[in-house]
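Structural description and commentary
What follows is each chain in one-letter form.
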Amino acid sequence: MSQKILDGLWKAEKQKILNNLPKSKLSLRDLQINPVINLVNEEKSIVLKKDLGFLQNYVPSPLAGQLMLPFIFQKQKELCYLLGDNFEKWTIERILGMTDNSPYLLETFTPRNSYYFYHFRRIQKEIPSLTFLTYKLDK
């Protein structure tokens, strides 16, 4: 195959991956009101009420407006990187039982840099409608 054909195929596959990601993140509070995430390809992803309820067990109600969802993990080889801020990382680590720090003390919280794929699978099993996976798209 010529390089031009391979480049075209790669571009098409990369676009498929990007099209299935959320257009933007919404707060937990916003999703409780309207449980819909708009995707880049203009489709909608419905968030399950049970997933929102699950997160309410981990996130104090006054902070529901600060947790931005969905969780987006980027897979690179055997590791997954959470694309998000410290509060999102704290929430993931709280679900996984890796921290018992208070979310009010985020300045003292040191999140992991990466997670193993089995960590991602555990999170995906608990809150499937709020967990997205993408891949590092280097050529």
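Here's a quick rundown of the structure. Bear in mind the structure is a predicted one, so any value in this text is a computation, not a measurement.

**Regarding the overall build of the protein chain**
Looking only at helices and strands, the protein chain features five helices and eight strands. Walking the protein chain from its N terminus toward its C terminus, one meets helices and strands in the order α-β-α-β-β-α-β-β-β-α-β-α-β. With the C-alpha coordinates aligned to their principal axes, the bounding extent of the protein chain is approximately 55 × 30 × 25 Å. For the protein chain, the residues scored as buried account for 37% of the 139 residues in total. Carbon and sulfur atoms make up 52% of the accessible area of the protein chain, which amounts to about 8400 Å² in all. Side chains of the protein chain carry 20 positive and 14 negative charges; the gap between the two charge centres is 4 Å.

**Some words on the pattern of salt bridges**
Counted by the stated rule, this structure contains three salt bridges. Ionic pairing is found between K23 and E42, a salt bridge with its closest N-O pair at 2.9 Å. In this pair, K23 sits in the loop between α1 (3–19) and β1 (26–27) while E42 sits in the loop between β2 (36–38) and β3 (44–46), placing the two residues 19 residues apart along the sequence. For K23, a relative accessible area of 48% puts it in the partly exposed group. Here K50 makes a salt bridge to D51, at a shortest N to O gap of 3.4 Å.

**Focus on the packing of aromatic side chains**
In total, this model carries six aromatic pairs according to the counting rule given. Aromatic pair F87 and W90: ring centres 6.0 Å apart, planes at 20 degrees, arrangement stacked. A residue pair is termed a helical-turn pair when its members lie 3 or 4 positions apart in one helix, as F87 and W90 do in helix α4 (residues 86–95) at three residues. Each member of the pair, F87 as well as W90, is classed as buried. Geometrically, the ring pair formed by Y116 and Y118 is stacked, given 5.9 Å between the ring centres and 5 degrees between the ring planes. Three or more aromatic residues link up through ring pairs in this structure, and these residues are F73, Y115, F117 and F120. Across from the ring centre of F117, 5.1 Å away, lies the NZ or CZ of K75, which sits over that ring.

**Some details on a nonpolar patch on the surface**
Where nonpolar side chains cluster on the molecular surface, the patch consists of M1, I5, L6 and L9 and spans about 430 Å² of accessible area. Note on placement: L6 falls in helix α1.

**Examining the environment of P103**
Along the chain, P103 turns up in the loop between α4 and β7 (115–116). With relative accessibility at 12%, the residue P103 sits in the buried group. When the C-alpha atoms of P103 and L130 are compared, they prove to be 20 Å apart, with 27 residues separating the residues in sequence. Contact partners of P103, with chain neighbours within four places excluded, come to P60, L63, F87 and W90.

Conventions used here
- Residues numbered from 1 in each chain as written.
- Predicted model: local features only at pLDDT ≥ 70, side-chain atom pairs only at ≥ 80, totals over all residues.
- Heavy atoms only, no water.
- Helix = DSSP H or I, 4+ residues; strand = E, 2+ residues; numbered from the N terminus.
- Buried < 20%, exposed > 50% of the residue type's maximum accessible area, 1.4 Å probe, protein only.
- Areas by Shrake-Rupley, 256 points an atom, 1.4 Å probe, with all protein chains shown as cover.
- Lys, Arg positive; Asp, Glu negative; His and termini not counted.
- Charge placed at Lys NZ, Arg CZ, Asp CG, Glu CD.
- Salt bridge = Lys/Arg side-chain N within 4 Å of Asp/Glu carboxyl O.
- Phe/Tyr/Trp six-rings, centres within 6.5 Å; stacked < 30°, edge-to-face > 60°.
- Lys NZ or Arg CZ within 6 Å of the ring centre and 35° of its normal.
- Patch = residues over 30% accessible without salt bridge, like charges linked within 9 Å, V, L, I, M, F, W, Y side chains within 5 Å.
- Contact = heavy atoms within 4.5 Å.

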